[in-house]
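# Fold and contact review
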Amino acid sequence: MATLLGIHGTVTNPGRLYQALELAVNAAVSCDPSITASLLHLGNHKISFADGRPSESYEDDTQAVLGQVTSADMYIIATPIFRASFTGALKNLLDHIPVETIMGKSVGLIGMGATDHHYLTVDTQLRPVLAWFGAHLVPGQVYLQSQHFQDGKLSDPKAAAGLECLGRSVLALHNSLVANPESTGPSPLAAG
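So, here's what we can say about the structure.

So, how was this worked out
- Residues numbered from 1 in each chain as written.
- Predicted model: local features only at pLDDT ≥ 70, side-chain atom pairs only at ≥ 80, totals over all residues.
- Heavy atoms only, no water.
- Helix = DSSP H or I, 4+ residues; strand = E, 2+ residues; numbered from the N terminus.
- Buried < 20%, exposed > 50% of the residue type's maximum accessible area, 1.4 Å probe, protein only.
- Lys, Arg positive; Asp, Glu negative; His and termini not counted.
- Salt bridge = Lys/Arg side-chain N within 4 Å of Asp/Glu carboxyl O.
- Contact = heavy atoms within 4.5 Å.
- Phe/Tyr/Trp six-rings, centres within 6.5 Å; stacked < 30°, edge-to-face > 60°.
- Lys NZ or Arg CZ within 6 Å of the ring centre and 35° of its normal.

## Some remarks on the side chain of Lys105
Note that Lys105 resides in the loop between helix H4 (99-102) and strand E4 (106-113). Comment: no salt bridge for buried Lys105; closest opposite-charge side chain is Asp73, at 5.2 Å. Not counting the four nearest positions on each side in its chain, Lys105 is found in contact with Thr70, Ala72, Asp73, Tyr75, Ala135, His136 and Leu177.

Following this line, the structure appears as structure tokens:
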């Protein structure tokens, strides 16, 4: 049974972006109800600053969160865009994760900013970090902004369709990689 983890890459209270992430995860589950899906909101956990120690040496939620991330077979990662980049909380989580955790796994990306000015941030900032891990990224992303929501709810049908497509695509890519392990290509240099 495959596991899908939606990572809400911020410590701010779950709101519009969390709702969008949930929609994408649910779209994958609706295609294959045997999937075990869960959502990880970084703000619900105390994760230590990554300083190179082994995860078991931290006395907070770090080891448990890393266990949840490590056990997943595929991911949908959602991040708000701050200062033309993804959040520091998400970067800290990624700094804790061993390369093998995400290597060869299917990943879909969701970004959210106040305007269109930051729509390339996911491609220019987050995608290269995940490529370093050797993750297999769904081509494209979903980029959301405030105008896609009304009264706190997603109201843009095109944005909703994009999120549903992203969820289905993460599952399809995962299934393709499982069916044909040779298609994963060589290990990334980071695994070296």
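Now, onward.
## Digging into unusual backbone geometry
Excluding glycine, residues mostly have negative phi values, and the peptide bonds linking residues are mostly trans. Positive phi, close to 65 degrees, is recorded for Ala84, a residue that is not glycine. Looking at the element boundaries, Ala84 is found in the loop between strand E3 (74-80) and helix H3 (88-96). Looking at Ala84, the relative accessible area reads 36%, which means it is partly exposed. For Asp151, which is not glycine, the phi torsion reads 55 degrees and is therefore positive.

## Section: the environment of Ala160
Here Ala160 is to be found in helix H6 (residues 157-179). A C-alpha to C-alpha distance of 39 Å links Ala160 and Tyr58, two positions 102 residues apart in sequence. Residues within four places of Ala160 in sequence aside, it is in contact with Leu23 and Leu154.

## Overview of the packing of aromatic side chains
All chains considered together, the criterion is met by one aromatic pair. Note on Trp132 and Phe133: the rings are 5.1 Å apart at their centroids and 90 degrees apart in plane angle, and the pair reads as edge-to-face. The side chain of Arg16 reaches across the aromatic face of Phe149, ending 5.5 Å from its centre.

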